[in-house]
Structure formats: structure tokens, C-alpha cells
Amino acid sequence: MKHLKYLSLAAGLMLMASSCTTIRKTATTAEVDNTVVTYPTVADLEVKSKTSKTMTWSFSPCHIAEPKLSTAKGNLIAELLEEQKADVLLEAQFTFQRTPYGERVLTVTGFPAVYKNFRKATKSDLDAIKAIPANEKTIYNKGGGLLGVFGK
């Protein structure tokens, strides 16, 4: 019993002694060149004829089977683009009709389009991009990327 007392006392003293040591770390940094050079890429946009797609579902009192409207819109656009083999839907317009405790109907209408002929921007492309007013660049740039010039 006496040995256990001395052993625990020795372990406690060792812990106290080791906790008082100083740890020293050093680090060095390297300079990073912040001048990343990028060049815009532009593409032509082949716009197809106006088309629409409709989705219907029934009212659900507990809203479990009912999709969120924003999710339903995104899924409807995705299905339309897949059917048309298109990349983007231009001028998408939605109509949503519902009857109390009845059927819900969501319709999207727009112009499916396909990106073609990706290339480095020419001087005329760059001039066209610069000519777009800044407020319009944010209006038409719903995707969040950099705005480019599509078509000729």
C-alpha cells in the first residue's frame, strides 16, 4: 500500500514537471505571385424553338409528398433540358396553378439552347463584353460565373 502511495506521488510529480516545459515551433513562408493570368473563353449559343413542360401533383395535408416549389422548378427545368438535349433554358417563365385541397400544376416555358464553338475571346468579343453595362451583367448572369458573349 505504501509503495502505491509513493508511485502515485512520483507519477504526479512527473506530470507537473512535464507540463511546465515550453514548446517552441518555427515556420517560414514563401512569397506567392498573385498575378494569375486568365483569358476569357466565349462560345456560340444555338437557340432552339420555344417549348414548355408541365408537372402535376396532388395536395397532401401533411406536405410530405408535396415537393417544395423551388425544388419542383429546378427539377422541371432539368427534365426539359434533358428532353431537348440542351445546356441552358433561356427566358424561363413559370406558371403555378393550384386548387384548394386539389391538384397543383407547374409549367415552365422557355428557349432551350446549346453552347457550341468554345474558343478564346477575340478582340471584338472583348469589346462586346466591355460594352455591356455593369448592371446588365449582373441581371443576365444568373449562373454566378463570369459573363461572356454568346452568339454573333
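Residues numbered from 1 in each chain as written. Predicted model: local features only at pLDDT ≥ 70, side-chain atom pairs only at ≥ 80, totals over all residues. Heavy atoms only, no water.

Some thoughts on the packing of aromatic side chains
Overall, the coordinates contain two aromatic pairs when judged by the stated rule. Seen in terms of ring centroids, Y115 and F118 are 6.2 Å apart; in terms of plane orientation they differ by 55°. Their pairing is tilted. Judged by its relative accessible area of 29%, Y115 falls in the partly exposed class. The ring of F94 has K73 sitting right over it, with the charged end atom 4.9 Å from the ring centre. (Phe/Tyr/Trp six-rings, centres within 6.5 Å; stacked < 30°, edge-to-face > 60°. Buried < 20%, exposed > 50% of the residue type's maximum accessible area, 1.4 Å probe, protein only. Lys NZ or Arg CZ within 6 Å of the ring centre and 35° of its normal.)

Some remarks on the side chain of K53
With respect to the element layout, K53 can be found in strand β2 (residues 51-58). A polar atom in the side chain of K53 sits 2.7 Å from the side chain of E83. Discounting chain neighbours no more than four positions away, the residues touching K53 are L76, E79, L80, E83, L106, T107 and V108. (Helix = DSSP H or I, 4+ residues; strand = E, 2+ residues; numbered from the N terminus. Polar contact = N/O pair within 3.5 Å; in protein donor to acceptor, adjacent residues only side chain to side chain. Contact = heavy atoms within 4.5 Å.)

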